[in-house]
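Per-entry structural report
Below, each chain spelled out in residue letters.
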Amino acid sequence: TGAVEWSGHRESVSEWGRRYSTGGTLALTALGRHALPGLLADAGLSLRSAADLADADLDALIAAMGQVPPEQHSDMLAAWQPAMPESERAGAVAAMISGADYARTRLIGMRLLGLFDAEVAEPHMRQLLDTDAAGHAAIWLLENGLADPDTVGGFVTPAVMVDILSELIDEPDILCEQFLVAHDPEAMLEFFWRHRAPETAGVLEALGRHLPDRALAKLARKAAMRHRSWTANQGR
């Protein structure tokens, strides 16, 4: 009675041959949303609700977003710390990005900051031009028509690509495809080996193993060796 649609579910078969569905997203009516939490509690299950996010910290918000489809993220962001002014909430996200040591944190933070209205996000994006997320922030400003290439184009370096490729290491075909889209892959490898991000070594090693162009793959392996040596010397 309370269900509207069950999408994205998978069909499975029990050991007795009975078919059943699991996973996916269930859209509910107001009646369903009212009745379901109590029923789940009786079954020993818990349901994360918008109210749970009202006092949650940023890590809890990000963890919750990882459990639902991206289409729901804007609503979840609106439910997070609703008593805090929007500019302060955006500032908290920007602070997380600014202090990020790893690509995944930067990418998650940039996506989250991009969910705010442009006028709220813009000043924080400009502040990020002084951080390791500068390239991502510059791209956002350009895409939203809030800056011109002459002003922020210099912030867009291959460091952006290292962050993106680091998320694709488990999908080498896509990783190589994204890398080869670059106008000058050899120049990118030259940049990569002197890039200090901790993900760089893994990206270079994956490119060296999986690039279909044997000459380019060899250059990637050489870049990986040079990067390891450069990193070791930087630590002295």
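Presented here is an overview of the structure given in this document. (Residues numbered from 1 in each chain as written. Predicted model: local features only at pLDDT ≥ 70, side-chain atom pairs only at ≥ 80, totals over all residues. Heavy atoms only, no water.)

On to the side chain of R106. Looking at the element boundaries, R106 is found in helix α6 (residues 103-113). Since its relative accessible area comes to 3%, R106 is described here as buried. Within the structure, the side chain of R106 is placed 2.9 Å from the side chain of D163, a separation counted as a polar contact. (Helix = DSSP H or I, 4+ residues; strand = E, 2+ residues; numbered from the N terminus. Buried < 20%, exposed > 50% of the residue type's maximum accessible area, 1.4 Å probe, protein only. Polar contact = N/O pair within 3.5 Å; in protein donor to acceptor, adjacent residues only side chain to side chain.)

A separate point is unusual backbone geometry. Of all residues except glycine, most have a negative phi; of all peptide bonds, most are trans. Even without being a glycine, Q81 presents a positive backbone phi close to 45°. Turning to its location among the elements, Q81 is positioned in the loop between α4 (73-79) and α5 (86-98).

It is worth spelling out the pattern of salt bridges at this point. Scanning the model with the defined rule gives eight salt bridges in all. R104 is paired through a salt bridge with E167; the nearest N and O atoms lie 3.1 Å apart. Here R104 is found in helix α6, whereas its partner E167 is found in the loop between α10 (159-166) and α11 (172-180), with 63 residues between them in sequence. Members of the salt-bridge network, linked through shared partners, are E190, R194 and R226. (Salt bridge = Lys/Arg side-chain N within 4 Å of Asp/Glu carboxyl O.)

Let's shift gears to the packing of aromatic side chains. Taken as a whole and judged by the stated rule, the model has one aromatic pair. Seen in terms of ring centroids, F179 and F192 are 6.1 Å apart; in terms of plane orientation they differ by 50°. Their pairing is tilted. Of this pair, F179 sits in helix α11 while F192 sits in helix α12 (residues 185-192); the two residues are 13 residues apart in sequence, bridging distant segments of the chain. (Phe/Tyr/Trp six-rings, centres within 6.5 Å; stacked < 30°, edge-to-face > 60°.)

Glancing now at helix α14 (residues 214-234). Note that an α-helix has 3.6 residues per turn; residues three or four places apart therefore point the same way. Taking 1.5 Å per residue, 21 residues should reach 30 Å; α14 reaches 30 Å between its end C-alpha atoms and fits that length. Every buried residue of α14 is accounted for by L216, A217, A220, A223, A224 and H227. Down the axis, α14 shows its buried residues gathered within 110° of arc, on one side only. In α14, the exposed positions that point more than 90 degrees away from the buried face belong to R214, A215, K218 and M225. Contact partners of the buried residues in α14: α11, α12 and α13 (200-210). Among the residues of α14, the N-terminal cap falls to D213, whose side-chain oxygen and the backbone nitrogen of A215 are separated by 3.0 Å. (Expected span 1.5 Å × (residues − 1). Arc of directions from axis to C-beta. Contact = heavy atoms within 4.5 Å.)

Taken together, R214, K218, R221 and K222 make up a surface patch of like positive charges. With respect to the element layout, R221 can be found in helix α14. (Patch = residues over 30% accessible without salt bridge, like charges linked within 9 Å, V, L, I, M, F, W, Y side chains within 5 Å. Areas by Shrake-Rupley, 256 points an atom, 1.4 Å probe, with all protein chains shown as cover. Lys, Arg positive; Asp, Glu negative; His and termini not counted. Charge placed at Lys NZ, Arg CZ, Asp CG, Glu CD.)

With that out of the way, let us pick up the packing of α10 against α12. Relative to each other, α10 and α12 sit at 90°, their axes nearing to 10 Å. Considered as vectors, α10 and α12 are oriented roughly perpendicular to each other. In this structure, α10 contributes A159, M161, V162 and L165 to the contact, and α12 contributes M188, F191 and F192. The class makeup of the residues in the contact of α10 with α12 is seven nonpolar, no polar and no charged. (Axes fitted to C-alpha atoms, helices over the stretch in contact; angles between N-to-C directions. Parallel < 35°, antiparallel > 145°, perpendicular 65-115°, else oblique. Nonpolar A, V, L, I, M, F, W, Y, C, P; charged D, E, K, R; others polar.)

By themselves these figures say nothing about function.
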